[in-house]
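Here's the letter readout for the chains.
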Amino acid sequence: MIAPVLPTYARAPVSFDRGEGSWLIATDGTRYLDFGAGIAVCALGHAHPKLVAALEDQGRRLWHTSNLFHIPRQEELAEKLTAHTFADTVFFTNSGAEAVECAIKMARKHFSAAGQPERHRIVTFEGAFHGRTLATISAAGGAKLVDGFGPLLPGFDHVPFGDIDALKAAIGPETAAVMIEPVQGEGGIRPVPREALREIRAACDEHGILLILDEIQCGMGRTGKLFAHEWAGIAPDIMAVAKGIGGGFPLGACLATEHAASGMTAGTHGSTYGGNPLACAVGAAVMDEITAPGFLDAVNAKAGYLRQRLGELADENPDIIEGIRGEGLMQGVKLRDGHAAADLVAACRDEHLVTVGAADNTMRILPPLNVSDADLAEGVARISRACTRLRAA
Ligand SMILES: *Cc1c(COP(=O)(O)O)cnc(C)c1O
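All values derive from a computational prediction rather than experimental measurement.

K.L.:
Sorry if this is basic, but what is going on with the packing of aromatic side chains here?
P.N.:
One pair of aromatic rings is described through two measures. These are the centre distance and the angle between the planes. For the structure on display, the rule yields one aromatic pair. With 5.3 Å between their ring centres and 85° between their planes, phenylalanine 16 and tyrosine 32 make a pair best called edge-to-face. With phenylalanine 16 in strand S1 (residues 16-20) and tyrosine 32 in strand S3 (residues 31-34), the pair connects residues that are 16 residues apart, well separated along the chain. For the cation-ring pair, arginine 190 lies above phenylalanine 161, with the distance from its terminal atom to the ring centre recorded as 4.2 Å.

K.L.:
Help me out: how do you make sense of the packing of helix H3 (residues 72-84) against helix H9 (residues 277-290) in this one?
P.N.:
Contact geometry for H3 and H9: axes closest at 8 Å, N-to-C directions at 30°. Of the possible angle classes, the one that applies to H3 and H9 is roughly parallel. Of the two elements, H3 crosses H9, and the hand of that crossing is left-handed. Residues Arg73, Gln74, Glu76, Leu77, Lys80, Leu81 and His84 of H3 lie in contact with H9, whose contacting residues are Pro277, Cys280, Ala281, Gly283, Ala284, Met287 and Asp288. Here the residues of the contact of H3 with H9 sort into seven nonpolar, three polar and four charged.

K.L.:
Whenever I open this one, empty space enclosed by the protein confuses me. Can you help?
P.N.:
Over the atoms rolls a probe the size of a water molecule, and its path tells where empty space is left. Scanning the model with the defined rule gives one cavity of 30 Å³ or more in all. Around the largest cavity, the lining residues are Pro182, Val183, Val192, Arg194, Leu197, Ala228, Trp231, Ala232 and Glu327. Grouping the amino acids of the lining of the largest cavity by side-chain chemistry returns seven nonpolar, no polar and two charged.

K.L.:
Got a minute to help me understand the side chain of aspartate 237 in this structure?
P.N.:
For aspartate 237, the location among the structural elements is in the loop between strand S10 (210-214) and strand S11 (238-241). A relative accessible area of 11% means that aspartate 237 is categorised as buried. For aspartate 237, the residues in contact, after removing those within four places along its chain, are Phe86, Arg201, Ile209, Leu210, Leu211, Leu255, Ala256, Thr257 and Ala260.

K.L.:
Can you walk me through the sheet that holds strand S17 (residues 362-365) in this structure?
P.N.:
The pairing of strands in a sheet comes from backbone hydrogen bonds and takes either a parallel or an antiparallel form. Spatial strand order, S13-S14-S17-S16: four strands in an open sheet with antiparallel pairing. Two strands close off the open sheet at either side, each with one partner strand: strand S13 (321-327) and strand S16 (356-358). Across the sheet, the axes of successive neighbouring strands diverge by a mean angle of 30°, strand direction being ignored. Two elements, S13 and strand S14 (residues 330-335), share six bridges in a ladder whose sense is antiparallel. In the sheet register, glutamate 327 faces S14, and the bridge partner there is methionine 330.

K.L.:
What is the right way to look at unusual backbone geometry in this model?
P.N.:
Glycine aside, the phi torsion of most residues is negative, and most peptide linkages are trans. In this model, glycine 150 is joined to proline 151 through a cis peptide bond whose omega is -5°. Its place among the elements puts proline 151 in the loop between helix H6 (143-146) and strand S6 (156-159). The backbone phi angle of histidine 352 is positive, close to 60°, even though this residue is not glycine. For histidine 352, the position within the fold is in the loop between helix H11 (341-350) and strand S15 (353-354). With relative accessibility at 30%, the residue histidine 352 sits in the partly exposed group.

K.L.:
Whenever I open this one, the site of the ligand confuses me. Can you help?
P.N.:
The local shell around the ligand consists of Ser95, Gly96, Ala97, Phe129, His130, Gly131, Glu181, Asp214, Ile216, Gln217 and Lys243. A distance of 2.7 Å separates an oxygen atom of the ligand from a polar atom in the backbone of alanine 97. Aspartate 214 places a polar side-chain atom, nitrogen or oxygen, 2.7 Å from a nitrogen atom of the ligand. Protein burial of the ligand: of its 390 Å² of free accessible surface, 82% is covered by the chains. The residue makeup of the shell around the ligand, split by class, is three nonpolar, five polar and three charged.

K.L.:
Can you help me understand the environment of leucine 68 in this one?
P.N.:
Looking at the secondary structure, you find leucine 68 in the loop between helix H2 (49-61) and H3. For leucine 68, a relative accessible area of 74% corresponds to the exposed category. Between the alpha carbons of leucine 68 and serine 262 there is a distance of 21 Å; along the sequence they are 194 residues apart.

Rules used in this analysis
Residues numbered from 1 in each chain as written. Predicted model: local features only at pLDDT ≥ 70, side-chain atom pairs only at ≥ 80, totals over all residues. Heavy atoms only, no water. Phe/Tyr/Trp six-rings, centres within 6.5 Å; stacked < 30°, edge-to-face > 60°. Helix = DSSP H or I, 4+ residues; strand = E, 2+ residues; numbered from the N terminus. Lys NZ or Arg CZ within 6 Å of the ring centre and 35° of its normal. Axes fitted to C-alpha atoms, helices over the stretch in contact; angles between N-to-C directions. Parallel < 35°, antiparallel > 145°, perpendicular 65-115°, else oblique. Left-handed = near helix turned anticlockwise from the far one by under 90°. Contact = heavy atoms within 4.5 Å. Nonpolar A, V, L, I, M, F, W, Y, C, P; charged D, E, K, R; others polar. 1 Å grid on protein atoms, 1.4 Å probe; cavity = no way out; pocket = protein on both sides within 12 Å on 5 of 7 lines; lining within 4 Å. Points joined across faces, edges and corners; volume = space filled by probe spheres on them. Buried < 20%, exposed > 50% of the residue type's maximum accessible area, 1.4 Å probe, protein only. Pairing = 2+ DSSP bridges. Near = heavy atom within 4 Å. Polar contact = N/O pair within 3.5 Å; in protein donor to acceptor, adjacent residues only side chain to side chain. Areas by Shrake-Rupley, 256 points an atom, 1.4 Å probe, with all protein chains shown as cover.

Next up, the structure:
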């Protein structure tokens, strides 16, 4: 008999009752160290007092009005986002997939409004993840994502990850945009080399097409810059943001330059909930924390410390760990053939450490950005014990 909740998730046999900073307390009282942060969502940990205050305050004032009216909270958050990024304008959504949907529609509309409706194709990369809607699975194209859900949305050209020559060859007279995650998340924490990002930007400029970045997982301070593309010294034309931006409250955003957004006039796009006052009140509080002086410096210091501990872990467990990769507090532990990342995730859970699996036999480490060094050391010690469990199994 089917469960009352549609069984589309392979869930771990744990449920949590409360969270405090980087810790989760299970319904049986067991404390787990959280190196998953709700898949890079709880950027400031659990029950952050400023986020709780923002939500409670807005909750007592006003929950929802719809976008038939001006929403001051939304304008406030849009101003914070545009002040700190390449973007001139922001469309708010409830999720990452919707932010990518907006990006795809915006790129197509940009060229159709400019009298070039034939320019509608988007080049994407193998191993990508852009969400679970029909457009976003069509964009990513991975077999596991699309199997059984056809016919897919046409208009995407997939090239191998990191293959700049294949990318350049795929750009033609019908190409509107290139879309890429600066660090693939679900794909196994695979950073795109900075030089490759600069080459992609240059190829887009050369052909007069748009660069769309999906920074849903790697953005909002996760890599030690507010957005990961800043490390490469480039800027996109359109960017999808979600996960960390709401700190746990469902919120996404599609950021764009005025030029890229030129086709998005009144009536062309919308959302009932997108940018609702509750979400934007929390989003503004998250932005204030992450952009506060010194916050990202602290993330980079913590990232350096984590990377050092993980390097030692890899040196001590060469039979299990093939390598460590990632940027900032977005790290992947790639396992050797013969060991499964899912088994290491389960062994970490047995050590009361939450981590997240990913493709390419990689375990993701995504702690809250305000995690303490002591908790980072404790987490790596737990991964070390999990490796011992794996070896004994
Ligand atoms: C999580 C994620 C998405 C999808 O976000 P949802 O909120 O689940 O729709 C899209 N792109 C990337 C890179 C992601 O990590």
